[in-house]
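Here is how the chains run, residue by residue.
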Amino acid sequence: METIAMYWESKVRTYGFQLVQGLHLCRAGFPMDGISALGAFLQRMAGNDLAFRAVWAQADGKGQIRIYLLCDSSQLSKLRVFGSDEPLLASDRWAASQLVDMICFQGPHFGDRYGIVDYSLKALASAKMPVWGAVCSTATIHLVVPAGRGDQAKQLLTDAFEIPK
């Protein structure tokens, strides 16, 4: 059973926005029945000092699961070296990485992450800002936008949220 907190303010508060620019978004598809192998693969990555800014997965409804890894250039090069003898990486499953920007933020009442994400996406949609990923992790929200659009997205969010001083 999941408990969902409900939270409302006319202008949502956050502690501020952290912008990381020029990250690599890597994407791969795997059969749903290979999810345990995928989990073991991610554990081996951690054991090989491969760290990511964000990792998320999404079922595609066709028996496949798509995994997304967000990393900086130094981690991307480690990923390529790691992948040279790693069957899951060496396959043609991995799409070429795309450059993206990521905005992270948390707030005093982010137990209602879903409502905060909705509020954030509406603020970005008002300026037709594309969002390529939205990830919630405990009280933190990560939004992924096309490279070069992070400053604009951060400003849109800053205008929409209240940042207590």
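Below: a short report on this structure.

Definitions and limits used
- Residues numbered from 1 in each chain as written.
- Predicted model: local features only at pLDDT ≥ 70, side-chain atom pairs only at ≥ 80, totals over all residues.
- Heavy atoms only, no water.
- Pairing = 2+ DSSP bridges.
- Helix = DSSP H or I, 4+ residues; strand = E, 2+ residues; numbered from the N terminus.
- Expected span 1.5 Å × (residues − 1).
- Contact = heavy atoms within 4.5 Å.
- Buried < 20%, exposed > 50% of the residue type's maximum accessible area, 1.4 Å probe, protein only.
- Core = buried A, V, L, I, M, F, W, Y, C linked by side-chain atoms within 4.5 Å.
- Phe/Tyr/Trp six-rings, centres within 6.5 Å; stacked < 30°, edge-to-face > 60°.

Details of the pairing of strand β1 (residues 17-31)
Stage number 1. For β1 and strand β4 (residues 98-106), the ladder comprises 7 bridges, and the chain directions are antiparallel. Bridge assignment links Q18 to a residue of β4, and that residue is C104.
Stage number 2. Sheet topology places β1 next to strand β3 (residues 64-71); 8 bridges connect them, and they run antiparallel. Residue pairing across strands places H24 opposite C71, the latter belonging to β3.

Description of the pairing of strand β5 (residues 133-137)
Stage number 1. Across 5 bridges, β5 lies against strand β6 (residues 140-146) in antiparallel orientation. Counterpart to G133 in the pairing with β6 is V144.
Stage number 2. The hairpin turn running from β5 into β6, its antiparallel successor, is 2 residues long, and T138 in that turn takes a positive phi close to 50°.

A look at helix α4 (residues 113-125)
Stage number 1. Relative to the 18 Å expected for 13 residues at 1.5 Å per residue, α4 spans 18 Å between its end C-alpha atoms, a close match to the ideal helical length.
Stage number 2. Along its buried surface, α4 packs onto β4, β5, β6 and α5 (150-160).

Digging into the environment of A96
Stage number 1. Here A96 shows up in the loop between α3 (87-90) and β4.
Stage number 2. We classify A96 as exposed; its relative accessible area is 69%.
Stage number 3. Separated by 70 residues in the primary sequence, A96 and C26 have C-alpha atoms spaced 6.6 Å apart.

A look at the environment of V100
Stage number 1. Its location among the elements puts V100 in strand β4.
Stage number 2. Setting aside anything within four residues of it in sequence, one finds V100 in contact with Q21, G22, L23, L25, L70, W132, V144, V145, P146 and A147.

Overview of the nonpolar core
Stage number 1. Formed by 17 residues in total, the largest nonpolar core has its most connected members in F105, L124, L157 and F161.
Stage number 2. Counting residues per element, the ones that place at least two in this core are β4, α4, β6 and α5.
Stage number 3. Not counting residues up to four positions away in its chain, the partners in contact with L124 are M129, V131, L143, A153, L156 and L157.
Stage number 4. Formed by 14 residues, the second largest nonpolar core is a distinct cluster that contains F30, F52, I65 and I67.

Some points on the packing of aromatic side chains
Stage number 1. Inspection of every chain in the model, using the stated rule, returns 5 aromatic pairs.
Stage number 2. A ring pair is formed by W56 and Y68, whose centres lie 5.2 Å apart and whose planes are at 10°; its orientation type is stacked. Taken together, the positions of W56 in strand β2 (residues 54-59) and Y68 in strand β3 put the pair 12 residues apart, joining distant regions of the chain. For the pair shown, W56 and Y68 are each scored as buried.
Stage number 3. With a centroid separation of 5.5 Å and 70° between ring planes, the pair formed by F105 and F161 is classed as edge-to-face. One end of the pair, F105, is in strand β4; the other, F161, is in the segment after α5, and 56 residues separate them in sequence.
Stage number 4. By relative accessible area, which is 2% here, F161 ends up buried.
Stage number 5. Clustering of aromatic rings is evident, with ring pairs tying together F17, F105, Y119 and F161.

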